[in-house]
Amino acid sequence: MQLSKTPKLIYEAPGSFEETRYEKLHNVICQNSVEGSISIAHYIADLILEKQKNNEMCVLGLATGSSPISVYRELVRLHQEESLSFHNVITFNLDEYFPVVKEDVQSYHYFMHTHLFNYINIKPENIHIPDGEVLVKNVRKFCIEYEKKINAAGGIDLQILGIGRTGHIGFNEPGSHQNSQTRMITLDHLTRFDAASSFQGIENVPRKAITMGIQTILNAKRVLLMAWGTNKAEIIQKAIEGAISPMIPTTYLQLHPNTTLVLDSEAASELTRIKTPWLVGHCEWDEALRSKAIAWLCNETKKSILKLTDEDYNQHGMSDLLASHGSAYDLNIEMFNRLQRSITGWPGGKPNADDTYRPERALPEKKRVIIFSPHPDDDVISMGGTFDRLVSQGHEVHVAYQTSGNIAVSDQDAICFLEVAKDVLKVDDNTQLKELNEAFENINPQQPAPRSICDLKGSIRKRESLGATRYIGIPDSQVHFMNLPFYETGLIDKNPVSQEDVDLTVALIEKLKPHQIYAAGDLADPHGTHRVCLDLIFSALAKLKSKPFMKDCWVWLYRGAWHEWDIDEIEMAIPMSPDQVLRKRKAIFFHQSQKDGVMFQGNDRREFWIRAEERNSATAKKFKDMGLSEYAAIEAFKRYFF
Ligand code: F6R
């Protein structure tokens, strides 16, 4: 049997010795997590087929978490569309929370069945997942049996791994011993913190888990570890370039003779050869790399751009830059001008001004703008100051809230609104309110929230958003609630993107024919809502590309609540005065349900308005430190060419 396409990425030989001289683990870098996931799925499929040819069983070690979801999706596709059979496959999962019942939507048992096993022809008796229901006194015995079963199957042919921010593989947290085998382990606080949003609060995350040990993983014949997104960049750098240490259990993989890390470009972004390639060898010095290097040099030397000397360049691995591009003086001026020209108080272009060196065109003077906001609040959190300026400068600004954001409203908040409705209506026998009441009484956190509750929560977020957009000053008719279907599961896990999601996005752009589109260019979480929403916009742009009105449409990416563009990436910087910062704060405050005990805070404990303010003032400080004017705050954008 021959599969349609078998990407060869993972079979790649290591890069040149010079380039990878800081690296102790073989790794390949893909364009994005989709390409990486497809490569891994095809690698697994190749192995299954090879074993089939030899009449052998194929023993796979499997992982859960967000990272392998697309790998499993592709395996399911290969089974359904290309007849890949799993009849000769035996699987052993890495880990399971403890205690947890199999039916719990958070259990890894549930995860594996809903992402893979339910859709392929694997024999149920060939599936092994650590049991979260075993009695505590029997856990040890269970673990010993698990190891025996792996050995009896002939050992693991291919082990798939993700990596936690603690550097864990499986649930082998920092401190795990190289010789450890399958056992019960106490989860690290950071791991529980990262899982908190799935469990609706850290207090619900189990404290323990059963996990294969380091030795169990090292015994596998082949190991593939995948990591996607900026969130993993720091730990990936330590795992690949750091010394072997129990404090970063992934470094034990350096002892394994046949391991490959499959990374997307964001997860690889902290590797020395990517972050500071001038420190490892010869570089092609294009404009982007020159800017990146000079921004880095300013940070290293703690000097502003115009104070950098030839000596600074020479001492920091950039003598070939000087050789090819002239003196520090020329390089400094070029960089300074570039940054200076990115700063503008006119995000929609300055009317009647020469726009040769401005980030936006002067014409048309009044632009039609769509701000795409993945959730109902990202618009004001991430670009509230720019939004405000666009409106006050007379542009026709539309906001498109891509998802309803309903799962981020707590039951308590929603019940409060329900009770207000009851008080106001002064009726106890309104059927709809009664049904909602009952729905809350019967809520089961292990099941998707019922439609009526999702709608109530969606409506709360809609009303909050209208509060903010009215405050900024746009009519309700310019606010579009797209309620994209991929989001509407009533669960944290979302549906795969459908044609309808793309069509709705295309239809809105086509109807409004914007001159400017702002979109959340958040790449930190490859499976998160922001990423999906961005990919939908990219798909829509690709579809609309040939339409005449698109020639006039510029796309600007802002970063969501999680992180900012690097200074060298910024192409439009919108400064804010202290008063504008306060207006932005007020607009964010309209999103009451997302304040204080917000449910999906991610790995940052600060409230959204504080994050936004600190981020915007940090960007302003970076400009100042590099020798440009000092502002209270700056919002930053990068242009996207489609
Ligand atoms: C899952 C597992 C964990 C995850 C890791 C990364 O079975 O053992 O080590 O691989 O926590 O999780 P995600 O992929 O959700 O970032």
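It should be emphasised that the depicted structure is a prediction, and the values quoted were computed from it without experimental measurement.

## What about the overall build of the chain?
For step 1, the next point in the chain: Helices and strands together make up the secondary structure of the chain, namely 20 helices and 17 strands.
For step 2, the next point in the chain: When the backbone C-alpha atoms are referred to their principal axes, the chain occupies close to 80 × 80 × 45 Å.
For step 3, the next point in the chain: When the 642 residues of the chain are sorted by exposure, 56% land in the buried category.
For step 4, the next point in the chain: Excluding contacts between residues fewer than 6 apart, the proportion of contacts in the chain whose partners are at least 24 apart in sequence is 76%.
For step 5, the next point in the chain: For the chain, the accessible surface area stands at approximately 27,700 Å², while carbon and sulfur atoms represent 51% of it.

## Thoughts on the state of the cysteines
For step 1, the next point in the chain: Inspection of the entire model under this criterion finds zero disulfides.
For step 2, the next point in the chain: Cysteine cysteine 454 is unpaired, with the sulfur of cysteine 533 as its nearest cysteine sulfur at 16 Å.

## Examining the side chain of threonine 403
For step 1, the next point in the chain: Looking at the element boundaries, threonine 403 is found in the loop between β12 (396–401) and α14 (411–425).
For step 2, the next point in the chain: Among the residues examined, threonine 403 registers a relative accessible area of 1% and is labelled buried.
For step 3, the next point in the chain: Side-chain polar atoms of threonine 403 contact the backbone oxygen of proline 374, separated by 2.7 Å.
For step 4, the next point in the chain: With residues near it in sequence (within four places) discarded, threonine 403 still touches Pro374, His375, Pro376, Leu484, Phe486, Tyr487, Thr529 and Cys533.

## Brief notes about the environment of leucine 418
For step 1, the next point in the chain: Structurally, leucine 418 can be placed in helix α14.
For step 2, the next point in the chain: Look at leucine 418 and you get buried, because its relative accessible area is 2%.
For step 3, the next point in the chain: With 318 residues separating them in the primary sequence, leucine 418 and valine 100 have C-alpha atoms 33 Å apart.
For step 4, the next point in the chain: The residues contacting leucine 418, other than those within four sequence positions of it, are Leu433, Leu436, Asn437, Phe440 and Leu456.

## Here's the deal with the side chain of glutamate 82
For step 1, the next point in the chain: Within the secondary structure, glutamate 82 is located in helix α2 (residues 69–82).
For step 2, the next point in the chain: A polar contact is formed between the side chain of glutamate 82 and the side chain of arginine 77, at a distance of 3.1 Å.

## Concerning helix α4 (residues 139–152)
For step 1, the next point in the chain: Given a rise of 1.5 Å per residue, 14 residues ought to cover 20 Å, and the 20 Å separating the end C-alpha atoms of α4 matches this to within 8%.
For step 2, the next point in the chain: Three or more residues of α4 are buried, namely Val139, Phe142, Cys143, Tyr146, Glu147 and Ile150. The buried residues of α4 occupy an angular sector of 140° when the element is viewed end-on, so they sit on one face. Among the exposed residues of α4, those pointing more than 90 degrees away from its buried face are Arg140, Lys141, Asn151 and Ala152.
For step 3, the next point in the chain: If you follow the buried residues of α4, they end up packed against β3 (89–93), β4 (95–98), β5 (127–128), β7 (183–186), β8 (208–211) and α6 (214–218).

## What about the site of the ligand?
For step 1, the next point in the chain: If you check the shell around the ligand, you find 14 residues, and the closest are Ser67, Asp95, His168, Gly170 and Lys232.
For step 2, the next point in the chain: Serine 67 has a polar side-chain atom sitting 2.5 Å from an oxygen atom of the ligand.
For step 3, the next point in the chain: In this structure, an oxygen atom belonging to the ligand sits 2.7 Å away from a main-chain N or O atom of glycine 170.
For step 4, the next point in the chain: Expressed as a share of its isolated accessible area of 410 Å², the protein-covered part of the ligand is 87%.

## Structural notes on the domain arrangement of the chain
For step 1, the next point in the chain: Its domain assignment divides the chain into domain 1 (26–273) and domain 2 (368–409 + 451–640).
For step 2, the next point in the chain: Of note, the centres of domain 1 and domain 2, computed from C-alpha atoms alone, are 34 Å apart.

## Section: a nonpolar patch on the surface
For step 1, the next point in the chain: Together, Leu306, Tyr329 and Ile333 line one region of the surface with nonpolar side chains, adding up to about 310 Å² of accessible area.
For step 2, the next point in the chain: Here leucine 306 is to be found in the loop between α9 (287–301) and α10 (310–315).

## Re the sheet that holds β8
For step 1, the next point in the chain: Read from one edge of the open sheet, three strands run β4-β8-β7, paired in antiparallel fashion. A strand with exactly one partner marks an edge of an open sheet, and here the two such strands are β4 and β7. The mean angle between the axes of side-by-side strands here comes to 30°, regardless of whether they run parallel or antiparallel.
For step 2, the next point in the chain: Across four bridges, β7 lies against β8 in antiparallel orientation. Across the sheet, residue threonine 186 finds its bridge partner in β8, namely lysine 208.
For step 3, the next point in the chain: Taken strand by strand, α4 contacts β4, β7 and β8, and its axis lies near 120° from that of β7.

## Thoughts on the packing of aromatic side chains
We describe a pair of aromatic rings using the distance from one ring centre to the other and the angle between the two ring planes.
For step 1, the next point in the chain: A complete count under the given rule lists 15 aromatic pairs for this structure.
For step 2, the next point in the chain: Note on phenylalanine 142 and tyrosine 146: the rings are 5.9 Å apart at their centroids and 25° apart in plane angle, and the pair reads as stacked. Remark: tyrosine 146 and phenylalanine 142 occur in helix α4; sequence separation between them is four residues, near one turn of the helix. Exposure class is identical for phenylalanine 142 and tyrosine 146. Each is buried.

## Points about the packing of helix α13 (residues 378–392) against helix α19 (residues 578–589)
For step 1, the next point in the chain: Viewed as axis vectors pointing N to C, α13 and α19 meet at an angle of 125°, and their least axial separation amounts to 9 Å. With respect to their mutual orientation, α13 and α19 come out oblique. Where α13 crosses over α19, the two elements pack in a sense that is right-handed. On α19, the residues that touch Val380, Ile381, Ser382, Met383, Gly384, Gly385, Asp388 and Arg389 of α13 are Gln580, Arg583, Lys584, Ala587 and Ile588.
For step 2, the next point in the chain: Taken together, the residues of the contact of α13 with α19 sort by class into five nonpolar, four polar and four charged.

## Quick look at the pattern of salt bridges
For step 1, the next point in the chain: This model, assessed by the stated rule, comprises 33 salt bridges.
For step 2, the next point in the chain: Salt-bridge contacts for lysine 102 lead to aspartate 131; the nearest nitrogen and oxygen are separated by 3.3 Å. Of this pair, lysine 102 sits in the loop between β4 and α3 (108–115) while aspartate 131 sits in the loop between β5 and α4; the two residues are 29 residues apart in sequence, bridging distant segments of the chain.
For step 3, the next point in the chain: Between glutamate 614 and arginine 606 there is a salt bridge, with its nearest N and O atoms 2.5 Å apart.
For step 4, the next point in the chain: Looking at glutamate 614, the relative accessible area reads 40%, which means it is partly exposed.

What counts, and at which threshold
- Along each chain, numbering runs from 1 in the same order as the chain's sequence is written.
- Local features are withheld for residues below a pLDDT of 70 in this predicted model, meaning they are given only at 70 or higher, and side-chain atom pairs are given and counted only at 80 or more; totals for whole chains, interfaces and linings count all residues.
- With hydrogens and water excluded, all non-hydrogen atoms of the structure serve as input to the side-chain values.
- Only DSSP runs of H or I covering at least 4 residues are called helices, and only runs of E covering at least 2 are called strands; the numbering of each starts at the N terminus.
- Only protein chains enter the calculation, and the probe is 1.4 Å; a residue is then buried if its accessible area is under 20% of its type maximum, exposed if over 50%, and partly exposed in between.
- The contact criterion used throughout is that any non-hydrogen atoms of two residues lie within 4.5 Å.
- Each accessible area value is a Shrake-Rupley result obtained with a 1.4 Å probe; residue values ignore everything except the protein chains displayed when judging cover.
- Note on terminology: disulfide denotes any pair of cysteine sulfur atoms within 2.5 Å.
- Between N or O atoms, a polar contact is any pair within 3.5 Å; within protein, one atom must be a potential hydrogen donor and the other a potential acceptor, and residues adjacent in sequence are included only when both atoms are from side chains.
- Here the expected length of a helix is defined as 1.5 Å per residue gap, with one fewer gap than residues.
- In this description, the arc belongs to the directions extending from the helix axis to the C-beta atoms.
- Whether a residue is near a molecule or strand depends on its heavy atoms: it is near if one of them lies within 4 Å of it.
- Where each domain starts and ends follows an automatic or database-derived domain assignment.
- The patch calculation keeps residues exceeding 30% relative accessible area without a salt bridge and links them within 9 Å when they carry like charges or within 5 Å when they are nonpolar (Val, Leu, Ile, Met, Phe, Trp, Tyr).
- When a carboxyl oxygen of Asp or Glu lies within 4 Å of a side-chain nitrogen of Lys or Arg, that pair is called a salt bridge.
- Note on pairing: DSSP must find at least two bridges between two strands before they are called paired.
- Helix axes are fitted to C-alpha atoms over the stretch in contact, other axes to C-alpha atoms as well, and angles between N-to-C directions run from 0 to 180 degrees.
- Between the rings of Phe, Tyr and Trp (Trp by its six-membered ring), a pair exists once the centres lie within 6.5 Å; its type follows the angle of the planes, with under 30 degrees stacked, over 60 edge-to-face, and the other angles tilted.
- Every angle not falling under 35 degrees, over 145, or within 65 to 115 is termed oblique; those three ranges are roughly parallel, roughly antiparallel and roughly perpendicular.
- Each crossing gets its hand from how the near helix is turned against the far one by less than a right angle, where anticlockwise is left-handed and clockwise is right-handed.
- Amino acids outside the nonpolar list (Ala, Val, Leu, Ile, Met, Phe, Trp, Tyr, Cys, Pro) and the charged list (Asp, Glu, Lys, Arg) are all regarded as polar, and Gly is one of them.

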